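Spelled out, the chains give:
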Amino acid sequence: MTKKIKVQIFPDGTIQTEIQGIKGKRCTEYIHILEELLEAEAVDSNYTPEFHETETVKITEKQEQRIRER
């Protein structure tokens, strides 16, 4: 899934954001960034089902061998 941040600004000045495509607690890292960008303060949080999921990270290791000629 593509990572998205949905921002809604209502006529009364209330701002609502939703973070999609980021699993686990990593989504909470965006709260501070959004507060700064929007010059706002988070007062309430609701967690999506993705918050309770575990993100799978694939790590690959590349080894390189060189043969030196004399």
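The numbering scheme is per chain: residues are counted from 1 as the chain's sequence reads. Owing to the predicted nature of the model, reporting of local features is limited to residues with pLDDT of at least 70; listing and counting of side-chain atom pairs is limited to 80 or more, with chain, interface and lining totals taken over all residues. The basis for every side-chain value is the complete set of heavy atoms in the structure, and neither hydrogens nor water enter the calculation.

Moving on, we come to a nonpolar patch on the surface. The grouping of Ile5, Val7 and Ile9 at the surface amounts to a nonpolar patch, some 260 Å² of accessible area in total. Relative accessibility thresholds used throughout: buried, under 20% of the residue-type maximum; exposed, over 50%; partly exposed, between the two (1.4 Å probe, protein chains only). Of the residues examined, Ile9 reaches a relative accessible area of 60% and is grouped as exposed. For patches, a residue must show more than 30% relative accessible area and have no salt bridge; joins then use 9 Å for like charges and 5 Å for nonpolar side chains, namely Val, Leu, Ile, Met, Phe, Trp and Tyr. A 1.4 Å probe and the Shrake-Rupley method give the accessible areas. Residues count as covered only by the protein chains that appear here. Salt bridges, as used here, are contacts in which a Lys or Arg side-chain nitrogen is within 4 Å of a carboxyl oxygen on Asp or Glu.

For the rest of this paragraph, the subject is the pairing of strand S1 (residues 4-9). Only strands that DSSP links by at least two bridges are regarded as paired with each other. Runs of H or I in DSSP of at least four residues are treated as helices and runs of E of at least two as strands, each being numbered from the N terminus. Sheet analysis places S1 next to strand S2 (residues 15-20), joined by six bridges and oriented antiparallel. Of the residues in S2, the one forming a bridge with Gln8 is Gln16. Adjacent in sequence and paired antiparallel, S1 and S2 are bridged by five residues, among which Gly13 carries a positive phi angle near 90 degrees.

Spatial relationships are all this shows, so hold off on functional conclusions.
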